[in-house]
Every structure is written in C-alpha cells, then in structure tokens.
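Fold and contact review
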Amino acid sequence: DAGVIQSPRHEVTEMGQEVTLRCKPISGHDYLFWYRQTMMRGLELLIYFNNNVPIDDSGMPEDRFSAKMPNASFSTLKIQPSEPRDSAVYFCASSLALTAEAFFGQGTRLTVV
Amino acid sequence: GQNIDQPTEMTATEGAIVQINCTYQTSGFNGLFWYQQHAGEAPTFLSYNVLDGLEEKGRFSSFLSRSKGYSYLLLKELQMKDSASYLCAVRSPYSGAGSYQLTFGKGTKLSVIP
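1. What to know about the overall build of chain A
Scanning chain A from N- to C-terminus turns up zero helices and 11 strands. For chain A, the sequential pattern of α-helices and β-strands runs β-β-β-β-β-β-β-β-β-β-β. Relative to the 2.2 N^0.38 estimate, which gives 13 Å for 113 residues, the radius of gyration of chain A is 13 Å and therefore close to what a compact globule would have. With 113 residues in all, chain A has 48% of them scored as buried. For chain A, restricting intrachain contacts to residue pairs at least 6 apart in sequence, the fraction spanning at least 24 positions comes to 54%. A total accessible area of about 5,500 Å² is found for chain A, and carbon and sulfur atoms account for 51% of it. Charged side chains in chain A number 10 positive and 13 negative. The centres of these two groups are separated by 4 Å.

2. Some thoughts on the environment of B:Leu110
All names here are of chain B. Tracing the backbone through its elements, the reader meets leucine 110 in strand 11 (residues 108–113). Along the sequence, leucine 110 and alanine 84 sit 26 residues apart, while their C-alpha atoms lie 5.5 Å from each other. Once residues lying within four places of it in the same chain are set aside, the contact partners of leucine 110 are Met10, Ala12, Val18, Leu75, Leu78, Asp82, Ser83, Ala84 and Tyr86.

3. Comments concerning the sheet that holds strand 1 (residues 5–7) of chain A
Residues and elements named next belong to chain A. Ordered in space as 1-3-8-7, the four strands form an open sheet in which the pairing is antiparallel. In the strand order of this sheet, the two ends are held by strand 1 and strand 7 (65–71), each with one partner. If you compare each strand with its neighbour and ignore which way they point, the axes differ by 15° on average. Bridge count between strand 7 and strand 8 (residues 74–79): five bridges; the pairing is antiparallel. Bridging from a neighbouring strand, phenylalanine 65 pairs with isoleucine 79 of strand 8.

4. Side note on the state of the cysteines
Residues and elements named next belong to chain A. Considering all chains together, one arrives at two disulfides over all chains under this definition. Shown here is the disulfide that connects cysteine 23 with cysteine 92, its sulfur atoms set 1.9 Å apart. Between cysteine 23 and cysteine 92 the sulfur-sulfur dihedral comes to about -65°; the bridge is accordingly left-handed. You can see cysteine 23 sitting in strand 3 (residues 19–24) and its partner cysteine 92 sitting in strand 9 (residues 88–95), a full 69 residues away along the chain.

5. Things to note about the environment of A:Arg22
Residues and elements named next belong to chain A. Of note, arginine 22 is situated in strand 3. Look past the residues within four positions of arginine 22 in its chain and what remains in contact with it is Ile5, Gln6, Ser7, Trp34, Phe74, Ser75 and Thr76. For arginine 22, the side chain forms a polar contact with the main-chain oxygen of threonine 20, separated by 3.4 Å.

6. Here's the deal with the packing of aromatic side chains
All names here are of chain B. Scanning the model with the defined rule gives 18 aromatic pairs over all chains in all. Ring centres 5.7 Å apart and planes at 50° place the aromatic pair tyrosine 35 and phenylalanine 104 in the tilted group. Here tyrosine 35, found in strand 4 (residues 32–37), pairs with phenylalanine 104, found in strand 10 (residues 100–104); they are 69 residues apart in sequence, far enough to count as distant. One exposure class covers both tyrosine 35 and phenylalanine 104, and it is buried.

7. Structural notes on the nonpolar core
Core analysis: the biggest nonpolar cluster contains 21 residues, and A:Trp34, A:Leu77 and A:Tyr90 have the highest contact counts within it. Among the elements of the structure, strand 3, strand 4 (31–38), strand 5 (42–50), strand 7, strand 8, strand 9 and strand 11 (108–112) of chain A are those that each provide at least two residues to this core. Ranked by size, the runner-up nonpolar core spans 20 residues in total, among them B:Ile4, B:Leu46, B:Ala84 and B:Leu110.

8. Points about the pairing of strand 6 (residues 53–57) of chain B
Residues and elements named next belong to chain B. Relative to strand 7 (residues 60–65), strand 6 is paired through five bridges, and the arrangement is antiparallel. Looking across to strand 7, one finds that glutamate 56 is bridged to serine 61. Linkage of strand 6 to strand 7, two consecutive antiparallel strands, is achieved through a turn of two residues, within which glycine 58 is found at a positive phi near 65°.

9. Description of the pattern of salt bridges
Any two side chains of opposite charge can pair, given that their charged atoms come close. Summed over all chains, the structure comprises 11 salt bridges over all chains. Ionic pairing is found between B:Arg59 and B:Asp82, a salt bridge with its closest N-O pair at 2.8 Å. You can see B:Arg59 sitting in the loop between strand 6 and strand 7 and its partner B:Asp82 sitting in the loop between strand 8 (70–75) and strand 9 (84–93), a full 23 residues away along the chain. A network of salt bridges, in which partner residues are shared, links A:Glu62, A:Arg64, A:Glu83, A:Arg85 and A:Asp86.

Conventions used here
- Residues numbered from 1 in each chain as written.
- Chains lettered and ligands numbered in written order.
- Predicted model: local features only at pLDDT ≥ 70, side-chain atom pairs only at ≥ 80, totals over all residues.
- Heavy atoms only, no water.
- Helix = DSSP H or I, 4+ residues; strand = E, 2+ residues; numbered from the N terminus.
- Rg over C-alpha atoms; globule rule 2.2 N^0.38 Å.
- Buried < 20%, exposed > 50% of the residue type's maximum accessible area, 1.4 Å probe, protein only.
- Contact = heavy atoms within 4.5 Å.
- Areas by Shrake-Rupley, 256 points an atom, 1.4 Å probe, with all protein chains shown as cover.
- Lys, Arg positive; Asp, Glu negative; His and termini not counted.
- Charge placed at Lys NZ, Arg CZ, Asp CG, Glu CD.
- Pairing = 2+ DSSP bridges.
- Axes fitted to C-alpha atoms, helices over the stretch in contact; angles between N-to-C directions.
- Disulfide = S-S within 2.5 Å.
- Polar contact = N/O pair within 3.5 Å; in protein donor to acceptor, adjacent residues only side chain to side chain.
- Phe/Tyr/Trp six-rings, centres within 6.5 Å; stacked < 30°, edge-to-face > 60°.
- Core = buried A, V, L, I, M, F, W, Y, C linked by side-chain atoms within 4.5 Å.
- Salt bridge = Lys/Arg side-chain N within 4 Å of Asp/Glu carboxyl O.

Next comes the structure, spelled out in structure tokens:
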C-alpha cells in the first residue's frame, strides 16, 4: 500500500478563498483523522471518522471548517472562507482501530495570505 | 482538560543515550504513544504503552507509570538521523458515545551532535 495520500502538498491562497484538502486513507483502515499542526499549538485533532461517519468534530475550530468522507477511500477538509490564522500543516491519518497506531500522510502546508 | 508536558528542546551527542520525559494530566487514560517527526515530514509511530513498565524495541524503549502520569522515551546509541521532534500522545475517553480522544504534546526537538 502507498500509505496515506494527501493533496495538495502545498497550497497558497488569498484570504477569503475556499480551500479544499484531500486525503486517501490506507485501504482497510476504518478510522480517518484530520489534524492541524502549528508551532504555537502543536498537533491538534480536528475531526475523526469511523466507517465514513464523523464521530467527534469537537476540534473543528469554527463553522468555516467542514469535513466529509463520502466513501471509504476519500475524505476532504474544506475551509470557507479561509483566514491567515488558518495557515498550518494539515495532516490526515488513518488506523485500523482507535487502539491501533495511526499512519500519517505527508501533510498539506497551507498558507493563507 | 488534557495537559501534556514535554521539554521543548534537548541536545545529545552521537553514540550517547538520551531520555525524553513526558508528564500528563488527563481525564482518564487509555494508552500513550510516542511518535517521531523529522522536520517537514509526517509523524511516524515509535511505541505504545498501556500498562506500567518498559517496552523495548531495538534502540528505542518507552516506559510508563500510570500512577505518576509519567512516561519517557529512551534512545540508545544515538545516531545523527535521530535528530527529530518526538511527540508524546495520550489517548483518553471522550464524553461522546464510546469515543476516545488523542491529545499530543508539543513535542521535544532533539538535536544529535557529533
């Protein structure tokens, strides 16, 4: 398996624009996680899915953020409208179970100017 | 709330041993993970402890004391490629329907020098 695949690797956008980040989890993994990493706050869990169903979205900062998982092999994280404070590295991760290790994608470095 | 503390930075010499500590205060406990993250890359899994004691895996070992809310990662025979950030993460029950949350510390940046 190629591991967790995220796209794009880098995204630069202007404030107010919509941004969509994409993730393909490892085949067979039932759990998918979206994290955000910044120097100030470290790695923060935004939302996670189990079998395509959102289980816990308490980490989503505000209504500008939304995530979907239409099928077992694809998820998106959308920010609309984007703001400079959203600049961070966004990681997607997947795991077989909550008790198992998570495998991370290479991340998307988002810069909002 | 959840609180995880790690030293921000550490420096050690190639070939030496280094211990990276992690203390946590969480509402409940269901396991502790250590991840390694090289600059600009994704975190990768190193170890998992759910019971007290030492787990050894090659040059890396991880220790857990649940009563003290304490863990450490021990790296032996340090190599230059071990220069990275080391993240401690604690899984704890979440109030939502049988779910768990994984809270990460801010990481310890380890620099290995010749």
